[in-house]
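Structural characterization, general
The residues making up each chain are set out below.
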Amino acid sequence: MTTVKVHGGVDILRLPVNEKEHVFPPWQIKYTQSHILHSKCSKSENGCGDQDDTTACQFCIYSKTLDLPHMPDMVFPNNILTLKHRTGAILQFNALDALKYVSNGKINVQLACAEAWKESRLESSEFLEEKVKPFDWTFTTNYTGTISGFHLEETNERIDLDKLKRREKIRFYHDLTLFEDELHDNGIAVCSVKIRVMPTSFFILLRYFLRIDNVMLRIKDTRIYHEFGQNFLLREFTTREAKVEDIHVSPVLFIEPSDIAPHLPIIESYYHKLIVSSREEETEIKDGVSTSVDNTTDTTVT
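Residues numbered from 1 in each chain as written. Predicted model: local features only at pLDDT ≥ 70, side-chain atom pairs only at ≥ 80, totals over all residues. Heavy atoms only, no water.

What counts here: UniProt positions are given in the numbering used here, feature names are shortened, and annotations may be inferred rather than shown by experiment.
As recorded in an unreviewed UniProt entry, the chain goes by the name TIP41-like protein, listed as coming from Polistes dominula. Its UniProt record, at the heading Sequence similarities (unreviewed entry), says of the chain: "Belongs to the TIP41 family."

Written out as C-alpha coordinates, the structure reads:
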(Lines give C-alpha, C1' and ligand atoms only; values in the text may rest on other atoms or scores of the structure.)
Protein backbone atom coordinates (compact mmCIF):
# COMPACT_ATOMS: atom_id res chain seq x y z
CA MET A 1 0.00 0.00 0.00
CA THR A 2 1.51 3.35 -1.04
CA THR A 3 0.56 7.01 -1.28
CA VAL A 4 1.00 9.14 -4.38
CA LYS A 5 1.41 12.93 -4.46
CA VAL A 6 -1.18 14.69 -6.62
CA HIS A 7 -1.87 18.31 -7.50
CA GLY A 8 -1.97 20.65 -4.52
CA GLY A 9 0.38 18.39 -2.55
CA VAL A 10 -2.48 16.13 -1.49
CA ASP A 11 -1.63 12.53 -0.70
CA ILE A 12 -4.05 9.98 -2.12
CA LEU A 13 -3.88 6.46 -0.77
CA ARG A 14 -3.12 4.01 -3.53
CA LEU A 15 -4.72 0.78 -2.42
CA PRO A 16 -3.70 -2.54 -3.94
CA VAL A 17 -5.97 -4.23 -6.46
CA ASN A 18 -7.04 -7.69 -5.34
CA GLU A 19 -6.79 -9.93 -8.38
CA LYS A 20 -7.40 -13.66 -8.76
CA GLU A 21 -7.78 -16.01 -11.69
CA HIS A 22 -9.36 -19.46 -11.81
CA VAL A 23 -9.39 -21.98 -14.64
CA PHE A 24 -12.34 -24.26 -15.30
CA PRO A 25 -11.69 -25.58 -18.83
CA PRO A 26 -12.71 -24.32 -21.30
CA TRP A 27 -13.29 -21.16 -19.20
CA GLN A 28 -10.87 -18.75 -17.58
CA ILE A 29 -12.52 -16.73 -14.81
CA LYS A 30 -10.84 -13.65 -13.37
CA TYR A 31 -11.86 -10.89 -11.01
CA THR A 32 -10.22 -7.69 -9.78
CA GLN A 33 -11.38 -5.71 -6.77
CA SER A 34 -10.24 -2.47 -5.15
CA HIS A 35 -11.19 0.98 -3.79
CA ILE A 36 -13.91 3.40 -4.86
CA LEU A 37 -13.47 5.97 -7.59
CA HIS A 38 -11.70 9.17 -6.49
CA SER A 39 -13.89 12.28 -6.32
CA LYS A 40 -11.55 14.42 -8.44
CA CYS A 41 -8.76 14.17 -10.97
CA SER A 42 -5.62 12.67 -9.43
CA LYS A 43 -3.25 14.21 -11.99
CA SER A 44 -4.09 17.87 -12.46
CA GLU A 45 -6.28 20.63 -11.04
CA ASN A 46 -7.63 21.14 -14.55
CA GLY A 47 -8.28 17.48 -15.23
CA CYS A 48 -6.63 15.16 -17.72
CA GLY A 49 -7.94 17.13 -20.72
CA ASP A 50 -7.60 15.34 -24.05
CA GLN A 51 -5.49 12.47 -22.75
CA ASP A 52 -6.62 9.09 -24.00
CA ASP A 53 -7.84 6.27 -21.77
CA THR A 54 -4.35 4.78 -21.48
CA THR A 55 -2.95 7.86 -19.72
CA ALA A 56 -5.98 9.64 -18.18
CA CYS A 57 -6.93 8.98 -14.56
CA GLN A 58 -10.01 6.89 -13.80
CA PHE A 59 -12.04 9.87 -12.58
CA CYS A 60 -11.54 11.72 -15.87
CA ILE A 61 -12.28 8.60 -17.92
CA TYR A 62 -15.59 8.15 -16.10
CA SER A 63 -16.50 11.84 -16.27
CA LYS A 64 -15.74 12.08 -19.99
CA THR A 65 -17.40 8.79 -20.94
CA LEU A 66 -20.58 9.11 -18.90
CA ASP A 67 -21.35 12.84 -19.05
CA LEU A 68 -23.68 12.53 -16.04
CA PRO A 69 -24.50 15.52 -13.79
CA HIS A 70 -23.70 13.26 -10.83
CA MET A 71 -22.14 9.87 -10.34
CA PRO A 72 -23.23 7.45 -7.62
CA ASP A 73 -21.79 7.98 -4.12
CA MET A 74 -19.62 4.91 -4.53
CA VAL A 75 -18.31 3.64 -7.85
CA PHE A 76 -15.86 0.73 -7.94
CA PRO A 77 -13.92 1.07 -11.22
CA ASN A 78 -11.60 -1.85 -10.47
CA ASN A 79 -14.34 -4.29 -9.50
CA ILE A 80 -14.44 -6.35 -12.69
CA LEU A 81 -15.52 -9.92 -13.37
CA THR A 82 -14.29 -11.46 -16.63
CA LEU A 83 -15.02 -14.86 -18.16
CA LYS A 84 -13.01 -15.85 -21.21
CA HIS A 85 -13.71 -18.95 -23.31
CA ARG A 86 -10.91 -20.81 -25.07
CA THR A 87 -12.38 -19.64 -28.41
CA GLY A 88 -11.77 -16.03 -27.37
CA ALA A 89 -15.39 -15.19 -26.47
CA ILE A 90 -15.53 -12.82 -23.49
CA LEU A 91 -18.23 -12.01 -20.94
CA GLN A 92 -17.43 -9.15 -18.57
CA PHE A 93 -19.13 -7.07 -15.87
CA ASN A 94 -17.83 -3.63 -14.92
CA ALA A 95 -19.14 -0.36 -13.47
CA LEU A 96 -18.32 1.91 -16.41
CA ASP A 97 -20.38 -0.09 -18.91
CA ALA A 98 -23.21 -0.46 -16.36
CA LEU A 99 -23.42 3.31 -15.89
CA LYS A 100 -23.47 3.93 -19.65
CA TYR A 101 -27.12 2.77 -19.57
CA VAL A 102 -28.16 5.48 -17.10
CA SER A 103 -30.21 8.22 -18.82
CA ASN A 104 -28.27 11.48 -18.71
CA GLY A 105 -29.15 15.15 -19.22
CA LYS A 106 -29.55 14.69 -22.97
CA ILE A 107 -32.85 12.93 -22.37
CA ASN A 108 -35.74 14.46 -20.43
CA VAL A 109 -36.48 11.64 -17.99
CA GLN A 110 -39.62 12.07 -15.90
CA LEU A 111 -39.91 9.29 -13.34
CA ALA A 112 -43.43 8.20 -12.61
CA CYS A 113 -42.84 8.39 -8.86
CA ALA A 114 -40.90 11.68 -8.76
CA GLU A 115 -43.79 13.79 -7.43
CA ALA A 116 -44.70 11.22 -4.80
CA TRP A 117 -41.07 11.08 -3.74
CA LYS A 118 -40.95 14.89 -3.48
CA GLU A 119 -44.05 14.92 -1.27
CA SER A 120 -42.63 12.19 0.98
CA ARG A 121 -39.34 14.08 1.39
CA LEU A 122 -40.35 17.72 1.78
CA GLU A 123 -37.66 18.23 4.40
CA SER A 124 -35.04 17.44 1.74
CA SER A 125 -36.11 20.24 -0.59
CA GLU A 126 -32.57 21.43 -1.29
CA PHE A 127 -31.49 17.95 -2.26
CA LEU A 128 -34.56 17.47 -4.40
CA GLU A 129 -33.97 20.68 -6.31
CA GLU A 130 -30.51 19.37 -7.12
CA LYS A 131 -31.42 15.78 -7.90
CA VAL A 132 -34.77 15.84 -9.69
CA LYS A 133 -33.39 17.00 -13.01
CA PRO A 134 -33.61 15.55 -16.51
CA PHE A 135 -31.32 12.66 -15.67
CA ASP A 136 -32.12 9.45 -13.84
CA TRP A 137 -30.93 10.14 -10.28
CA THR A 138 -31.79 6.53 -9.37
CA PHE A 139 -29.01 5.34 -11.71
CA THR A 140 -31.32 2.69 -13.14
CA THR A 141 -29.47 0.52 -15.64
CA ASN A 142 -30.53 -2.20 -18.07
CA TYR A 143 -26.95 -3.46 -18.25
CA THR A 144 -26.76 -7.22 -18.85
CA GLY A 145 -23.00 -7.58 -19.18
CA THR A 146 -20.39 -6.74 -21.81
CA ILE A 147 -19.96 -9.48 -24.42
CA SER A 148 -17.77 -10.16 -27.45
CA GLY A 149 -17.35 -13.24 -29.59
CA PHE A 150 -20.84 -14.62 -28.91
CA HIS A 151 -23.74 -15.19 -31.30
CA LEU A 152 -26.91 -13.86 -29.68
CA GLU A 153 -30.36 -15.30 -30.36
CA GLU A 154 -33.74 -15.27 -28.62
CA THR A 155 -34.82 -18.50 -26.99
CA ASN A 156 -37.78 -20.19 -25.32
CA GLU A 157 -35.42 -22.24 -23.18
CA ARG A 158 -35.30 -21.29 -19.52
CA ILE A 159 -32.79 -21.70 -16.69
CA ASP A 160 -33.63 -24.80 -14.67
CA LEU A 161 -34.04 -23.34 -11.18
CA ASP A 162 -34.39 -26.80 -9.64
CA LYS A 163 -30.84 -27.58 -10.72
CA LEU A 164 -29.63 -24.42 -9.02
CA LYS A 165 -31.32 -25.46 -5.78
CA ARG A 166 -29.42 -28.74 -5.61
CA ARG A 167 -26.68 -28.89 -3.02
CA GLU A 168 -23.42 -29.07 -4.93
CA LYS A 169 -19.86 -28.36 -3.99
CA ILE A 170 -19.07 -24.71 -4.70
CA ARG A 171 -15.74 -24.66 -6.49
CA PHE A 172 -15.63 -20.87 -6.69
CA TYR A 173 -17.78 -17.98 -5.44
CA HIS A 174 -17.36 -14.21 -5.49
CA ASP A 175 -19.49 -11.10 -5.04
CA LEU A 176 -18.59 -7.66 -6.44
CA THR A 177 -20.35 -4.31 -5.99
CA LEU A 178 -20.14 -2.17 -9.14
CA PHE A 179 -21.75 1.00 -7.78
CA GLU A 180 -23.96 2.18 -4.94
CA ASP A 181 -25.84 5.36 -4.00
CA GLU A 182 -27.86 6.02 -0.84
CA LEU A 183 -29.97 8.78 -2.43
CA HIS A 184 -29.09 11.15 0.44
CA ASP A 185 -30.48 8.65 2.97
CA ASN A 186 -33.77 8.40 1.07
CA GLY A 187 -33.19 4.80 -0.02
CA ILE A 188 -30.60 2.92 -1.98
CA ALA A 189 -29.56 2.11 -5.53
CA VAL A 190 -26.96 -0.62 -5.90
CA CYS A 191 -25.61 -2.71 -8.77
CA SER A 192 -23.69 -5.90 -8.01
CA VAL A 193 -22.62 -9.14 -9.64
CA LYS A 194 -22.20 -12.60 -8.10
CA ILE A 195 -20.82 -15.79 -9.56
CA ARG A 196 -20.71 -19.35 -8.36
CA VAL A 197 -19.08 -22.27 -10.10
CA MET A 198 -20.20 -25.84 -9.45
CA PRO A 199 -18.66 -29.11 -10.77
CA THR A 200 -21.04 -29.18 -13.76
CA SER A 201 -22.03 -25.56 -14.33
CA PHE A 202 -21.70 -21.90 -13.39
CA PHE A 203 -24.30 -19.28 -12.52
CA ILE A 204 -24.07 -15.48 -12.55
CA LEU A 205 -26.49 -12.98 -11.05
CA LEU A 206 -26.14 -9.34 -12.07
CA ARG A 207 -28.59 -7.29 -10.02
CA TYR A 208 -29.65 -3.65 -9.89
CA PHE A 209 -31.74 -2.92 -6.79
CA LEU A 210 -33.59 0.34 -6.09
CA ARG A 211 -35.51 1.26 -2.98
CA ILE A 212 -36.95 4.78 -2.63
CA ASP A 213 -38.27 4.92 0.92
CA ASN A 214 -42.07 5.09 1.15
CA VAL A 215 -42.36 5.30 -2.64
CA MET A 216 -41.23 2.29 -4.70
CA LEU A 217 -38.96 -0.71 -5.25
CA ARG A 218 -37.34 -1.90 -8.46
CA ILE A 219 -35.17 -4.93 -9.24
CA LYS A 220 -33.46 -5.60 -12.55
CA ASP A 221 -31.94 -9.08 -12.66
CA THR A 222 -29.74 -10.67 -15.28
CA ARG A 223 -29.23 -14.38 -14.69
CA ILE A 224 -26.70 -16.30 -16.76
CA TYR A 225 -26.37 -20.07 -16.58
CA HIS A 226 -23.98 -22.42 -18.36
CA GLU A 227 -23.60 -26.18 -18.19
CA PHE A 228 -20.10 -27.40 -18.98
CA GLY A 229 -20.20 -29.38 -22.20
CA GLN A 230 -22.77 -27.08 -23.82
CA ASN A 231 -21.79 -24.49 -26.44
CA PHE A 232 -24.13 -21.79 -25.12
CA LEU A 233 -25.11 -19.78 -22.07
CA LEU A 234 -28.69 -18.97 -21.11
CA ARG A 235 -29.33 -15.33 -20.22
CA GLU A 236 -32.55 -14.15 -18.60
CA PHE A 237 -33.34 -10.48 -17.93
CA THR A 238 -36.29 -9.37 -15.78
CA THR A 239 -37.54 -6.10 -14.33
CA ARG A 240 -39.69 -6.20 -11.20
CA GLU A 241 -41.24 -3.02 -9.90
CA ALA A 242 -44.05 -1.76 -7.67
CA LYS A 243 -45.10 1.25 -5.62
CA VAL A 244 -44.92 0.76 -1.88
CA GLU A 245 -48.68 1.33 -1.58
CA ASP A 246 -49.25 -1.71 -3.81
CA ILE A 247 -46.95 -4.07 -1.87
CA HIS A 248 -48.88 -5.92 0.82
CA VAL A 249 -46.08 -7.47 2.86
CA SER A 250 -44.05 -6.35 5.86
CA PRO A 251 -41.66 -3.46 5.16
CA VAL A 252 -38.99 -5.58 6.82
CA LEU A 253 -38.72 -7.43 3.52
CA PHE A 254 -37.89 -4.21 1.67
CA ILE A 255 -34.29 -4.27 2.89
CA GLU A 256 -33.10 -7.46 1.21
CA PRO A 257 -33.81 -7.73 -2.54
CA SER A 258 -33.97 -11.52 -2.48
CA ASP A 259 -36.75 -11.34 0.13
CA ILE A 260 -38.91 -8.76 -1.62
CA ALA A 261 -38.37 -9.91 -5.23
CA PRO A 262 -41.07 -12.63 -5.16
CA HIS A 263 -43.61 -9.99 -4.12
CA LEU A 264 -42.89 -7.62 -7.02
CA PRO A 265 -44.60 -8.15 -10.38
CA ILE A 266 -42.49 -8.74 -13.48
CA ILE A 267 -43.08 -5.85 -15.89
CA GLU A 268 -40.39 -6.67 -18.44
CA SER A 269 -38.45 -9.77 -19.47
CA TYR A 270 -36.42 -11.21 -22.32
CA TYR A 271 -34.45 -14.39 -22.84
CA HIS A 272 -31.38 -15.11 -24.96
CA LYS A 273 -28.84 -17.75 -25.80
CA LEU A 274 -25.22 -16.66 -25.94
CA ILE A 275 -23.72 -19.18 -28.34
CA VAL A 276 -19.99 -19.68 -27.96
CA SER A 277 -19.03 -21.86 -30.91
CA SER A 278 -20.32 -24.70 -33.06
CA ARG A 279 -17.56 -27.13 -32.24
CA GLU A 280 -17.90 -29.79 -29.61
CA GLU A 281 -17.18 -28.81 -26.05
CA GLU A 282 -15.62 -31.04 -23.45
CA THR A 283 -18.38 -33.17 -21.95
CA GLU A 284 -16.58 -34.21 -18.81
CA ILE A 285 -15.01 -31.97 -16.22
CA LYS A 286 -12.54 -33.91 -14.13
CA ASP A 287 -11.73 -33.16 -10.50
CA GLY A 288 -8.66 -31.10 -9.88
CA VAL A 289 -8.62 -28.95 -13.02
CA SER A 290 -9.27 -25.71 -11.18
CA THR A 291 -6.76 -23.60 -9.28
CA SER A 292 -7.01 -21.64 -6.03
CA VAL A 293 -10.60 -22.64 -5.25
CA ASP A 294 -12.38 -22.40 -1.91
CA ASN A 295 -14.40 -25.58 -1.29
CA THR A 296 -17.57 -24.21 0.32
CA THR A 297 -21.02 -25.72 0.00
CA ASP A 298 -23.54 -23.25 1.41
CA THR A 299 -23.27 -20.20 -0.86
CA THR A 300 -26.38 -19.36 -2.89
CA VAL A 301 -26.83 -16.87 -5.74
CA THR A 302 -30.47 -17.12 -6.68
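**Side note on unusual backbone geometry**
Spelled out, the test is: Only DSSP runs of H or I covering at least 4 residues are called helices, and only runs of E covering at least 2 are called strands; the numbering of each starts at the N terminus. Burial classification: accessible surface area is computed with a 1.4 Å probe over protein chains only, and a residue below 20% of its type maximum counts as buried, one above 50% as exposed, and the rest as partly exposed.
Cis geometry is adopted by the peptide bond preceding Pro26, which originates at Pro25 and carries an omega value of 5 degrees. Checked against the element boundaries, Pro26 lands in the loop between strand E3 (18-24) and strand E4 (27-33). Look at Phe139: it is not a glycine, yet its phi comes out positive at around 55 degrees. Looking at where Phe139 falls in the secondary structure, it is placed in the loop between helix H4 (125-131) and strand E8 (146-148). With relative accessibility at 0%, the residue Phe139 sits in the buried group. Of note in this structure, Asn214 is not a glycine but carries a positive phi near 65 degrees.

**What to know about the sheet that holds strand E13 (residues 216-227)**
Note the following rule: Two strands are counted as paired when DSSP detects at least two bridges linking them.
The strand order across the open sheet built from 8 strands is E5-E10-E11-E12-E13-E14-E15-E9, with neighbouring strands paired in antiparallel fashion. Every interior strand has two partners, whereas the edge strands, strand E5 (74-75) and strand E9 (151-154), have only one. Summarising the sheet, E9 and strand E15 (residues 266-275) pair through 4 bridges and their orientation is antiparallel. Across the sheet, residue His151 finds its bridge partner in E15, namely Ile275.

**With respect to empty space enclosed by the protein**
A water-sized probe, rolled over the atoms, reveals where empty space remains. Note the cut-off: Lining residues are those with an atom within 4 Å of a point, where the points come from a 1 Å grid over the protein atoms alone and group into cavities, where a 1.4 Å probe fits but cannot get out, or pockets, open sets with protein on both sides within 12 Å along at least five of seven lines. Grid points are joined across faces, edges and corners, and a volume is the space filled by probe spheres set on the points. Under the grouping applied here, Gly and all other residues not named as nonpolar or charged are polar, the nonpolar ones being Ala, Val, Leu, Ile, Met, Phe, Trp, Tyr, Cys and Pro and the charged ones Asp, Glu, Lys and Arg.
All told, the structure shown has 1 cavity of 30 Å³ or more when counted by the stated rule. Of the volumes computed, that of the largest cavity is approximately 50 Å³. Forming the boundary of the largest cavity are Thr141, Tyr143, Cys191, Leu206, Arg207, Tyr208, Lys220, Thr222 and Phe237. Residue assignment for the lining of the largest cavity shows that the elements contributing at least two residues are strand E12 (201-212) and E13. If you tally residues by element for the lining of the largest cavity, the top one is E12, at 3 residues. Here the lining of the largest cavity is composed, by residue class, of 5 nonpolar, 2 polar and 2 charged.

**So, the sheet that holds E8**
Hydrogen bonds between backbone atoms are what pair the strands of a sheet, whose relative direction is either parallel or antiparallel. Quick reminder of the rule: Each axis is a line fitted through C-alpha atoms, and for a helix only the stretch in contact is used; angles between axes span 0 to 180 degrees, taken between their N-to-C directions.
Strands sit in the order E3-E4-E6-E7-E8 across an open sheet of 5 strands; the sheet is antiparallel. The open sheet is flanked by E3 and E8, the only strands paired with a single partner. With direction set aside, neighbouring strand axes in the sheet form an average angle of 10 degrees. Pairing geometry for E4 and strand E6 (residues 80-85), over 6 bridges, is antiparallel. Counterpart to Tyr31 in the pairing with E6 is Leu81.

**Focus on the environment of Asn156**
Take Asn156: it is sitting in the loop between E9 and helix H5 (161-165). Taking the C-alpha atoms as reference, Asn156 lies 8.2 Å from His272; in sequence the two are 116 residues apart.

**Considering the packing of aromatic side chains**
Geometrically, a pair of aromatic rings is defined through the distance of the ring centres and the angle of the planes. Just so we agree on the cut-off: Stacked, edge-to-face and tilted labels apply to pairs of Phe, Tyr and Trp rings (six-membered ring for Trp) whose centres lie within 6.5 Å, assigned for plane angles under 30 degrees, over 60, and everything in between, in that order.
Across all of its chains, the model carries 5 aromatic pairs by this definition. Centre to centre, the rings of Tyr31 and Phe172 are 6.2 Å apart; their planes meet at 20 degrees, and the pair counts as stacked. Within this pair, whereas Tyr31 is found in strand E4, its partner Phe172 is found in strand E10 (residues 172-181), the two being separated by 141 residues in sequence. Tyr31 gets classed as buried once you look at its relative accessible area, which sits at 5%.

**Examining the pattern of salt bridges**
Stated precisely, the cut-off is as follows: Any carboxyl oxygen of Asp or Glu that lies within 4 Å of a side-chain nitrogen of Lys or Arg is treated as forming a salt bridge with it.
All told, the structure shown has 9 salt bridges when counted by the stated rule. For the salt bridge of Lys100 with Asp97, the shortest nitrogen-to-oxygen distance reads 3.0 Å. Under the relative-accessibility criterion, Lys100 is labelled partly exposed at 47%. Between Lys273 and Glu157 there is a salt bridge, with the nearest N and O atoms lying 3.3 Å from each other. Remark: Glu157 occurs in the loop between E9 and H5 and Lys273 occurs in strand E15; sequence separation between them is 116 residues. Here Lys273 falls in the buried class, since its relative accessible area comes to 16%. Using a relative accessible area of 36% as the deciding quantity, one classes Glu157 as partly exposed.

**Some thoughts on the side chain of Thr32**
Test applied: Only heavy atoms enter the contact rule, under which two residues are in contact if any of them lie within 4.5 Å.
Here Thr32 shows up in strand E4. Residues within four places of Thr32 in sequence aside, it is in contact with Val17, Asn18, Glu19, Asn78, Asn79, Ile80 and Leu176.

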